[in-house]
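For reference, the chains in residue letters:
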Amino acid sequence: ARELLATFGIQAPEKLMRWMALGEDGAVVPLRRDRLLVVSPTRSDETNEIFQKITGRSENTLVLQHEAADFALGGSATDSLVGELCSMDISCLADDVWIATRLANCEVMLRRLTKGCVNYRLMCSPADAGFLFNVLIDVTKECGGSVVGFNDYLGMLKGEPDDTD
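Residues numbered from 1 in each chain as written. Predicted model: local features only at pLDDT ≥ 70, side-chain atom pairs only at ≥ 80, totals over all residues. Heavy atoms only, no water.

1. Side note on unusual backbone geometry
Then comes step 1: Residue Asp-96 is not a glycine yet carries a positive backbone phi of 60 degrees.
Then comes step 2: One can find Asp-96 in the loop between helix 3 (78–85) and strand 7 (98–103).
Then comes step 3: Of note, Ala-104 is a non-glycine position whose phi angle comes to about 55 degrees, a positive value.
Then comes step 4: As for its position among the elements, Ala-104 is in the loop between strand 7 and strand 8 (106–112).
Then comes step 5: Classification of Ala-104 as buried rests on a relative accessible area of 14%. (Helix = DSSP H or I, 4+ residues; strand = E, 2+ residues; numbered from the N terminus. Buried < 20%, exposed > 50% of the residue type's maximum accessible area, 1.4 Å probe, protein only.)

2. Some details on the pairing of strand 7
Then comes step 1: As paired elements, strand 7 and strand 8 share six bridges and run antiparallel to each other. Bridge pairing in strand 8 links Trp-98 to Arg-111.
Then comes step 2: In textbook terms, the turn of a hairpin is the stretch between consecutive antiparallel strands, and for strand 7 and strand 8 this stretch comprises two residues, one of which, Ala-104, has a positive phi near 55 degrees. (Pairing = 2+ DSSP bridges.)

3. Observations regarding the sheet that holds strand 9 (residues 120–124)
Then comes step 1: On the basis of which strands lie adjacent, the open sheet formed by four strands has the order 6-9-8-7 and antiparallel pairing. Where the open sheet ends on each side, the last strands, each with one partner, are strand 6 (69–73) and strand 7. Across the sheet, the mean angle from the axis of one strand to that of its neighbour is 30 degrees, orientation sign disregarded.
Then comes step 2: Both strand 6 and strand 9 contribute to a ladder of five bridges, which runs antiparallel. Of the residues in strand 9, the one forming a bridge with Phe-71 is Leu-122.
Then comes step 3: Helix-sheet contacts for helix 4 (residues 126–142) involve strand 6, strand 7, strand 8 and strand 9, and the interaxial angle to strand 6 is about 25 degrees. (Axes fitted to C-alpha atoms, helices over the stretch in contact; angles between N-to-C directions. Contact = heavy atoms within 4.5 Å.)

4. Regarding the side chain of Thr-101
Then comes step 1: Note on placement: Thr-101 falls in strand 7.
Then comes step 2: The contact partners of Thr-101, leaving out residues within four places of it in the chain, are Cys-86, Ser-87, Met-88, Cys-106, Glu-107, Val-108 and Leu-110.

Pasting the structure below:
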């Protein structure tokens, strides 16, 4: 798998539980020692030749165009929420590192953040997004939280007041 990426000038991390940036928002992530996930950057000027020649699986490398559902999770109960739904012990994760895991029985990329109002980012396939969103809503409401839309999230990042009571 690493040899295939090398032919396109792309490096992959040697260790599991690590990821490497690819362009502005793409990533190369080891799923197992012999299997890699490559997610293309969203900007077309960053698109590498690999995304034009390979779609889907080639050998032990899965190449995806950037069409993942992206979630932002924040708040005081986020660690317990993610811990309840995740199949692995998240307390041992390094901060600001993408990992491949399962959340609510869906394969996701998960990243714990250390700055700002968001504690976790996660990405999943569009096919799992609706199910995962509904599970996240249910668990969030059970924990006394609420769901905000994208515009609300952008407002929080800018420090704008919340107009929803």
